[in-house]
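# Observations on the model geometry
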Amino acid sequence: MIQGVIFDLDGVLTDTAVYHYQSWRNIASGVGFDLTESHNEQLKGVSRAESLDIILNWAGAERSVEEKALLLTEKNNHYLTLIASLSTADILPGVVDFLSNIRSGGLKTAVGSSSKNAVFILDKLQLTGYFDAIVDGNMVKQTKPDPEVFVNAAQLLGLPTQNCLVIEDADAGVTAARAAGMHVLGINGHGQLQDADLCVENLHNIDLQFVQTHFSS
Ligand code: B16
Ligand code: MG
C-alpha cells in the first residue's frame, strides 16, 4: 500500500526545463558548442555541476576547477533571472488537485529534487505548504541517478521505501527511485522512461484511487 508520494520538481510540479535550456545554451555557446533540445533532454534531473561536465565533454573542452565554478555561477545567475517571475500560473496541470486529494486521503507528501533552487521555486509556486518534507540538491552528497535524495525523503516522512511512490519526468530520477526500491509513476511529455511502472502525460485526473489501484503490491 502506498503511504507516501515523493515528487520530483522540475518537469513534474512545474516546467523549468526551458529555462535551464536557455541558460545552458549560453554557457555551451561560450565553449563553442551548439546545445540542442535533444542534448537538454539528457540533462534533465542531472545536477548543475554534472550537467556542466557533460556539456564540456560534448564540446571536447576542458576547464579548470576555478573556471568551472565561474561558469556554474554564471549559469545559475542567468537561470535565476529567467525564473524570477514564476507564479502559481506555472504549476503543471492537475498538481494542486492531486496534492489536495492524496493529502486528504492520509498520504504523506515530499519533494525530491536535484535542484539547489527547489525551495525558491516552491515558494514562487506557493506550493511549500503542500509538503511534509523537502529534500533538494543542497541536502545530498550524491544526486540522481543515486537514490540518496529519495531515500532521505522517505526517512523524513518516516516511511519504508517500498511504500513510497515517486513521480518523475527524467530517466536519471526513475533510475534513482528504482534503486531506492520505490514505485515510479512517469510523466512523459517527451521521453520514454522505460523503467517507470506506468507513465501518464500529466497529473490531471490522477487521484488517490488511481495510486492505490496501480501501485499497491
Ligand atoms: P539547479 P529535478 C533538476 O531538477 C533539473 O531537472 C535539472 O535540469 C537541473 O540541472 C538540476 O535540477 C539542478 O538544478 O541548477 O537549479 O540546482 O528535475 O531533480 O527537480
Ligand atoms: Mg525532473
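Described in the following lines is the structure provided in the data block. In this convention, every chain numbers its residues from 1, walking through the sequence in written order. Note on labels: chains are lettered from A, ligands numbered from 1, in written order. Residues qualify for local features only when their pLDDT is at least 70, as the model is predicted, and side-chain atom pairs are given and counted only at 80 or more; totals for whole chains, interfaces and linings, by contrast, use all residues. The side-chain numbers reported here are obtained from all heavy atoms of the structure, hydrogens and water having been left aside.

## Some remarks on the environment of Ser-113
The cut-off we apply is this: Put simply, DSSP H or I for four residues or longer makes a helix, DSSP E for two residues or longer makes a strand, and each gets a number counted from the N terminus. A contact between two residues is defined here by any heavy atoms of the two lying within 4.5 Å. Identification of polar contacts relies on pairs of N or O atoms within 3.5 Å, with a donor-acceptor requirement for protein atoms, meaning one able to donate a hydrogen and the other able to accept it, and with residues adjacent in sequence counted only if both atoms are side-chain atoms.
With respect to the secondary-structure elements, Ser-113 resides in the loop between strand 2 (108-112) and helix 6 (118-125). Spatially, the C-alpha atoms of Ser-113 and Gln-42 are 16 Å apart, while their sequence positions differ by 71 residues. Here Ser-113 is in contact with Asp-8, Leu-9, Ala-118, Val-135, Asp-136, Gly-137, Lys-144 and Val-149, once residues within four sequence places are set aside. Of note is the side chain of Ser-113, whose polar atom sits 2.9 Å from the backbone nitrogen of Ser-115.

## Quick notes on the pairing of strand 4 (residues 164-168)
This is how it is decided: With a 1.4 Å probe rolled over the protein chains alone, any residue whose accessible area is under 20% of its type maximum counts as buried; one over 50% counts as exposed, and the rest are partly exposed. Here, strands pair whenever DSSP counts at least two bridges between them. A clockwise path from the first strand over the helix to the second, with the strands pointing away from the viewer, defines a right-handed crossover.
Among the 5 residues that make up strand 4, 5 are buried, leaving the element largely enclosed by the rest of the structure. Looking at chain direction, strand 1 (residues 4-7) and strand 4 are connected through 4 bridges and run parallel. Across the sheet, Phe-7 pairs through a bridge with Ile-167, a residue of strand 4. Pairing of strand 4 with strand 5 (residues 183-187) involves 4 bridges; the strand directions are parallel. When the sheet's bridge partners are listed, Val-166 is paired in strand 5 with Val-184. For the segment spanning strand 4, helix 8 (residues 171-179) and strand 5, crossover handedness is right-handed.

## A look at the sheet that holds strand 2
Where we set the bar: To obtain an axis, a line is fitted to C-alpha atoms, over the contacting stretch when the element is a helix, and the angle between two such axes runs from 0 to 180 degrees between their N-to-C directions.
Here we have 6 strands laid out as an open sheet, ordered 3-2-1-4-5-6, and parallel in their pairing. What marks the edges here is a single partner per strand, and that holds for strand 3 (133-135) and strand 6 (198-200). Between one strand axis and the next, the sheet turns by 25 degrees as a mean value, whatever way the strands run. Here strand 2 pairs with strand 3 via 3 bridges, running parallel. When the bridges of strand 3 are listed, Val-111 appears paired with Ile-134. Those strands touched by helix 5 (residues 95-104) are strand 1, strand 2 and strand 4, and its axis lies near 155 degrees from that of strand 1.

## Here we look at the nonpolar core
Selection rule: For our purposes a nonpolar core is just a set of buried Ala, Val, Leu, Ile, Met, Phe, Trp, Tyr and Cys residues, chained together by side-chain atoms within 4.5 Å.
Formed by 34 residues in total, the largest nonpolar core has its most connected members in Phe-7, Leu-13 and Ile-167. Those elements that provide at least two residues to this core are strand 1, helix 5, helix 6, strand 4, strand 5 and helix 9 (208-215). Apart from the residues within four sequence positions on either side, Leu-13 is in contact with Phe-7, Asp-8, Asp-90, Ile-91, Leu-92, Val-95, Val-111, Leu-122, Leu-127 and Phe-131. Counting 21 residues, the second-largest nonpolar core is a separate cluster that includes Val-135, Val-149, Ala-153 and Ala-196.

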